[in-house]
Amino acid sequence: MHRFNRRELIRMAAIAPALPYVLTSRAFGDTVSGAAAGYEGPVVVTVRLRGGNDGLNTVVPLRDDRYYRARPNIALKRSDTLALSGGDYGLHSSLADFMHLMDRGDAGIVQAVGYPESSRSHSRANEIWESALPGIESPETGWLGRYLDSAPCACEQEPVGGLEFGREPALTLAGAAGRNRLVERPERLSAMQADAMEARLEQGPSNPAFEHLGAVERALADVARLAQRASRGSGARHAYPDTAFGRSLRWTADMIETRCSPHAYFVSIGSFDEGAESFDTHIDQLPKHRLLYDELGRGMRAFADHMRDVGDFRRVVLLTFSDFGRMLPENRTRGTEHGDASVLFYAGGSVHAGIRGDAPNLDDVTDGGVPHRVDFRSVYADVLDNWLEAPAGNILSHDATPFSIVRRPA
Amino acid sequence: MTPRSLTSEDVRHLMRRLSFAARPRDVDELTGLDVEAAFSALWSRSAAYGAAPYSREPANLASTASLRQAWIRRLTTSPAGLRENMALFLHGLFGSSAETVDDAAALAVRNDLLHEAGMGRFGDLLERLVLDPAMMLQTGLDGHGPFRVSDRPAVLILEHWSVGAGRYEPADVGALSSALTGWRVEQPDGNDAGVARASVFDATNFETGPKTILGTTGDFDARSAVRMLADLPETAQRVSRRLLDYLGIDDASGAAAQAMEQAWADSGGAMEAVLRAAVLSDSFWSDTSRWSLIKSPAHLAAGVCRQLEIESPALAALDRWCDACGQRLFETPNNGEGGWPGGRDWVTPADRLAVRYELFDALGGQAPPAPVGDSTAPPRALEPAIGLPASEIIERLDAAPGLDAGSLSTQARLGEGDPAARLIAAILATPHYQLA
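Residues numbered from 1 in each chain as written. Chains lettered and ligands numbered in written order. Predicted model: local features only at pLDDT ≥ 70, side-chain atom pairs only at ≥ 80, totals over all residues. Heavy atoms only, no water.

**Student:** In this structure, what is going on with the overall build of chain B? I would like to understand it.
**Tutor:** Per the secondary structure count, chain B includes 24 helices and four strands. Dimensions along the principal axes, computed over C-alpha positions, put chain B at roughly 75 × 55 × 40 Å. Evaluated residue by residue, chain B yields a buried proportion of 57% over its 436 residues. Considering only intrachain contacts with a sequence separation of at least 6, the fraction spanning at least 24 residues in chain B is 71%. Of the roughly 16,400 Å² of accessible surface on chain B, a fraction of 50% belongs to carbon and sulfur atoms. (Helix = DSSP H or I, 4+ residues; strand = E, 2+ residues; numbered from the N terminus. Buried < 20%, exposed > 50% of the residue type's maximum accessible area, 1.4 Å probe, protein only. Contact = heavy atoms within 4.5 Å. Areas by Shrake-Rupley, 256 points an atom, 1.4 Å probe, with all protein chains shown as cover.)

**Student:** What is the right way to read the interface of chain B and chain A from this model?
**Tutor:** Contacts between the two partners involve 34 residues from chain B and, on the opposite side, 33 residues from chain A. Our count for the contact surface shared by chain B and chain A stands at two salt bridges. One salt bridge connects R352(B) with E184(A), and the closest N-O pair in it is separated by 3.1 Å. Put simply, the parts of the chain that give the side of chain B that touches chain A at least two residues each are α19 (333–336), α20 (351–356), α23 (405–414) and α24 (419–428) of chain B. With five residues, α20(B) is the largest single contributor of residues to the side of chain B that touches chain A. The residue makeup of the side of chain B that touches chain A, split by class, is 19 nonpolar, nine polar and six charged. (Salt bridge = Lys/Arg side-chain N within 4 Å of Asp/Glu carboxyl O. Nonpolar A, V, L, I, M, F, W, Y, C, P; charged D, E, K, R; others polar.)

**Student:** Is there a simple way to think about the state of the cysteines in this case?
**Tutor:** Cysteine pairs can be linked by a disulfide, which is a covalent bond between their two sulfur atoms. Using the criterion set out here, one finds one disulfide over all chains in the structure. Among the cysteines around C260(A), which has no disulfide bond, C153(A) carries the closest sulfur, lying 15 Å off. Classification of C260(A) by relative accessible area gives buried; the value is 2%. Looking at C305(B), it has no disulfide partner, and the nearest cysteine sulfur is the one in C322(B), 9.8 Å off. For C305(B), a relative accessible area of 1% puts it in the buried group. (Disulfide = S-S within 2.5 Å.)

**Student:** It is not clear to me how helix α10 (residues 152–161) of chain B should be interpreted in this structure. Could you clarify?
**Tutor:** Spacing of three or four residues puts side chains on the same side of an α-helix, whose turn is 3.6 residues. All names here are of chain B. With respect to burial, α10 is a largely interior element, seven of its ten residues being buried. Within the span of α10, buried status applies to P153, A154, L156, I157, L158, H160 and W161. Buried residues along α10 sit in contact with α5 (81–94), α8 (122–130), α9 (133–139), α11 (170–179), α12 (222–230) and α13 (233–247).

**Student:** I'm lost on the pairing of strand β1 (residues 183–186) of chain B in this one. Help?
**Tutor:** When a strand is regular, its side chains alternate between the sheet's two faces. Residue and element names in this part refer to chain B. Along β1, the buried face is formed by W183 and V185; none of R184 and E186, which line the opposite face, is buried. In terms of strand pairing, β1 meets strand β2 (residues 198–201) through four bridges, oriented antiparallel. Note on β2: the bridge partner recorded for E186 is A198. (Pairing = 2+ DSSP bridges.)

**Student:** Sorry, what's going on with the nonpolar core here?
**Tutor:** In summary, soluble globular proteins display a tendency toward joint burial of nonpolar side chains. Ranked by internal contacts, the top residues of the largest apolar core, which has 203 residues, are V45(A), F303(A), L18(B), F94(B) and F122(B). With twelve residues, the single largest contributor to this core is helix α8 (residues 208–230) of chain A. Not counting chain neighbours up to four residues away, the residues in contact with V45(A) comprise L249(A), T252(A), I256(A), Y265(A), F303(A), V316(A), V317(A), L318(A) and L319(A). In terms of nonpolar packing, the next biggest core, distinct from the first, is built from 40 residues, F324(A), F376(A), V379(A) and Y380(A) among them. (Core = buried A, V, L, I, M, F, W, Y, C linked by side-chain atoms within 4.5 Å.)

**Student:** In this structure, what is going on with the packing of aromatic side chains? I would like to understand it.
**Tutor:** Geometry of an aromatic ring pair is reported as the spacing of the ring centres plus the angle between the planes. All names here are of chain B. Counted according to the given criterion, the structure contains 20 aromatic pairs over all chains. When the ring of F89 is compared with that of Y246, the centres are 5.3 Å apart and the planes differ by 55°; the resulting orientation is tilted. Of this pair, F89 sits in helix α5 while Y246 sits in helix α13, and the two are 157 residues apart along the sequence. Note that R74 overlies the ring of Y54, its terminal NZ or CZ placed 4.3 Å from the centroid. (Phe/Tyr/Trp six-rings, centres within 6.5 Å; stacked < 30°, edge-to-face > 60°. Lys NZ or Arg CZ within 6 Å of the ring centre and 35° of its normal.)

**Student:** I would appreciate a short explanation of the environment of A236(A) in the present structure.
**Tutor:** Mapped onto the fold, A236(A) is located in the loop between α8 and α9 (244–257). Placed 14 residues apart in sequence, A236(A) and R250(A) show a C-alpha to C-alpha distance of 8.1 Å.

**Student:** What's the story with the pattern of salt bridges in this structure? I'm lost.
**Tutor:** Two side chains carrying opposite charge are able to pair once their charged atoms lie near each other. Residues and elements named next belong to chain A. Enumeration over the complete set of coordinates arrives at 52 salt bridges over all chains. As a salt-bridge pair, D54 and R71 come within 2.6 Å of each other at their nearest N and O atoms. In this pair, D54 sits in the loop between β1 (43–49) and β2 (59–61) while R71 sits in the loop between α3 (65–70) and β3 (81–83), placing the two residues 17 residues apart along the sequence. Here D54 matches R71 in class, with each residue buried.

**Student:** Even after reading the chapter, I still don't get the side chain of R146(A), so can you show me in this structure?
**Tutor:** Residues and elements named next belong to chain A. Mapping R146 onto the fold places it in helix α6 (residues 143–150). Here R146 occupies a buried position and makes no salt bridge, while the nearest side chain of opposite charge, D149, is found at 7.2 Å. Not counting the four nearest positions on each side in its chain, R146 is found in contact with S131, A132, L133, T141, A174, I395 and L396. (Lys, Arg positive; Asp, Glu negative; His and termini not counted.)

**Student:** Even after reading the chapter, I still don't get helix α4 (residues 96–103) of chain A, so can you show me in this structure?
**Tutor:** Regarding α4(A), the residues found buried are F98(A), M99(A), L101(A) and M102(A). One side of α4(A) carries all its buried residues, which in axial view fall inside an arc of 155°. (Arc of directions from axis to C-beta.)

**Student:** Explain the sheet that holds strand β4 (residues 89–92) of chain A to me, please; I cannot follow it from the model alone.
**Tutor:** Strands belonging to one sheet form pairs held by backbone hydrogen bonds; the direction of such a pair is parallel or antiparallel. All names here are of chain A. Spatially, the three strands line up as an open sheet ordered β2-β4-β3, and their pairing is antiparallel. Of all the strands in the sheet, just β2 and β3 have a single pairing partner and so form its edges. The average undirected angle you get between the axes of adjacent strands in this sheet is 40°. In this sheet, β4 lies alongside β2 in antiparallel orientation, the contact comprising three bridges. Along β4, the bridge assignment pairs P61 with Y89. (Axes fitted to C-alpha atoms, helices over the stretch in contact; angles between N-to-C directions.)

**Student:** Just checking my understanding: could you explain the pairing of strand β6 (residues 162–165) of chain A for this structure?
**Tutor:** All names here are of chain A. Side chains of β6 alternate between two faces, with G162 and E164 and L163 and F165 buried alike. The sheet contact formed by β6 and strand β7 (residues 180–183) spans four bridges and is parallel. Bridged to F165 within β7 is V183.

**Student:** Can you walk me through the packing of α10(B) against α11(B) in this structure?
**Tutor:** Think of two packed helices as two axes; the pair is described by the angle between the axes and how far apart they sit. Residues and elements named next belong to chain B. Contact geometry for α10 and α11: axes closest at 8 Å, N-to-C directions at 115°. Between α10 and α11, the interaxial angle falls into the category roughly perpendicular. Considering how the two elements wind past one another, α10 and α11 form a crossing that is right-handed. Across the interface between the two elements, A154, V155, I157 and L158 of α10 pack against D172, V173, L176 and S177 of α11. Split into classes, the residues belonging to the contact of α10 with α11 amount to six nonpolar, one polar and one charged. (Parallel < 35°, antiparallel > 145°, perpendicular 65-115°, else oblique. Left-handed = near helix turned anticlockwise from the far one by under 90°.)

**Student:** Got a minute to help me understand the packing of helix α7 (residues 104–117) of chain B against α8(B) in this structure?
**Tutor:** All names here are of chain B. Contact geometry of α7 with α8 gives a least axis separation of 10 Å together with a crossing angle of 170°. The orientation of α7 relative to α8 falls into the category roughly antiparallel. Listed contacts from α8 to R110, L113, L114, E116 and A117 of α7 are L125, R128 and L129. Looking at side-chain class alone, the contact of α7 with α8 contains five nonpolar, no polar and three charged residues.

**Student:** What is the right way to look at the confidence of the model for chain B in this model?
**Tutor:** Do not read the fine detail of predicted coordinates wherever pLDDT is low. The pLDDT averaged across chain B works out to 91; a share of 95% of its residues lies at or above 70. The lowest-confidence element of chain B is α19(B), averaging 80 in pLDDT; the highest-confidence one is helix α15 (residues 271–280) of chain B, averaging 98. (pLDDT = per-residue confidence, 0-100.)

**Student:** Even after reading the chapter, I still don't get unusual backbone geometry, so can you show me in this structure?
**Tutor:** Between T348(B) and the following residue, P349(B), the backbone shows a cis peptide bond with an omega angle of 0°. With respect to the helices and strands, P349(B) occurs in the loop between α19 and α20. Non-glycine residue E389(A) carries a positive phi angle of around 55°. Since its relative accessible area comes to 57%, E389(A) is described here as exposed. The backbone of F330(B) shows a phi angle near 70°, a positive value even though the residue is not glycine.

**Student:** Looking at this model, I keep getting lost on the side chain of R48(A). Mind explaining?
**Tutor:** All names here are of chain A. In this fold, R48 is placed in strand β1. On the basis of relative accessibility, which here comes to 12%, the residue R48 falls in the buried class. Leave out the neighbours within four places in its chain, and R48 touches N126, F266, V267, S268, I269, F321 and D323.

Next up, the structure:
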């Protein structure tokens, strides 16, 4: 059978009917050249907890009077938590699904993660977490973007190395080679004939606006191909939350299952613009956390179950980050202000499960903020060196002894 | 260079930027005029047009959705296109949070204010806007008194309404915050829907005495403080540049901005003078300013309806489509702090572009809908355009150069269904049509 190359497909598409963009989906494999086995290597999924998550009400120091004195109204009692080994700590009870993953050996939490002289500004803090370059103002690349720049790929056939779900571009997957794409609702693209779009960009005004539209159309075509491939995934069988976060995780899992090209994915939870509560809990923290942790836990469990079901959990690591932690003392509106270190959740088929790292030292609070005990770049270094097998020293520009969360496959 | 006598293409460029798009009669009326005369004609038409205030039509006040659709109707069909465009610009400049305000009547009153005062002096607008009930609810000025919880209203006014970020100090925030004290929003009895709220001054809650804001000391209250801010050259500079960005003008030399700031100073902030200065500038007419603006969703919708003279657009469908494209009227991003970023942001993320290409579907039609399964029937709203020859459709839709209109026209004739509808759909779903 003749396999059409891209030029032939474009020429054919140019004389196709003039309404190519919203048609009943055809056999995806007919129109995509080189629909090969796909990517089967290690994958990293990053989850951003938007707004700054309170680590102290996530892993609760049940026996520490300093916690209870500082939070007369919002401290959690033992009965509000799930027992962690030893009895000194408890996990917020709305994270029951996440606890299940930990018990199963699929997940863990690193305590007191941060970095020196941490920023309490949302925008600056996110820049730092996403770039892993605290010394650089206005960085232009993210830590996984720099990994994608150096990762081997068949880039012409499979241009997308990183895929982000959301409305605004994040930095984590941004790299010099531009292998990241941003999509809000992939379901909009599942009926699109991607190859037909590129022929239209050959003529137009010579200006940055038209050139940008051309780049967007090409990105659209790239993501449409991924969405169409992922539509064969089995995510519908799993109980993902019906939220933007849940849907993004499901798409991520479907794409991993169907061997889509990205090595890295980025999703987020806690966006006002997507109708969710935020982790930026200045006001009424307790009810917001109940909702957010429930959604986070259910989402991560559905993702893990899905990946286990199809035998792909072994090649996935998921980890979270958040702008910063919260201050130890509560404020006057039953919430907390911006702080420093917090917890980092992670999950995967080959991780060291349980609570990792030392608990935050509440004797050492500075300007209300809890100091870090694990530098986040050490966690990233572990993921890069031991999971993605990419030299962390080159990517992070920081000599960090990896903080072990992944178990290197035998 | 600013043309001496407008060609039809010049008229289309002018209308694309000031009034969403040219209707066929606009091209006829304005071709051959000089820029000054054309601008004066457009401005006068809008200034004279006496549409009923949004807040006086009960149907608009049933819900925020009703209000949005009422505004979409005006955006798409009002003869006062320039007034609608100025209101839309100001709506984005000041931001809007329907969710916070949660009162369609109050939002309608504010929308009337932007439409009316937006054609006047900026200082007059700010004086009225700071005490507009919807704006007070949105900014947190309701009940703002000596024991105020936050300085957010002052920060918003300094950052988004006047001088901009980086041009004020914490002390200015404190002083302005003090000047803003003493006002609250009064709830009508029973909170009946459609009954307008009122802003009420309570002297016992007002911090008297001199305040120093950006180097000027006076016994400022809310009105006098924002008036002072409106008259600052930094405000003129910031608002002028925002307007240039909104209009998509490439002003690399800065000459247009300078002319606008001078016009502001000479006229006391009259928006007519400021906009006139922009339109008379060489930058407005340069090659790099043409076809360089990525249209907002509202601009796309308003433009196609004007170009095809659609008199009864499907308002609910267009409302949903604008929202899906990232522009829900009365709900700007970040809880109303500032407006839509515009430009490339309209097509970020990439699938927003895919939704924009569905504009033809959103044009919809009036009941009754096409029979089930009849995909060949064009939307009823398009009836004014059905039957037009392809050449006229192509000319009216005025897409950026490089569009292979001939090929699209051929394909439309060969396909199923009404060829005019197919051609319109095809043109709307091109990158070329996204540009003004």
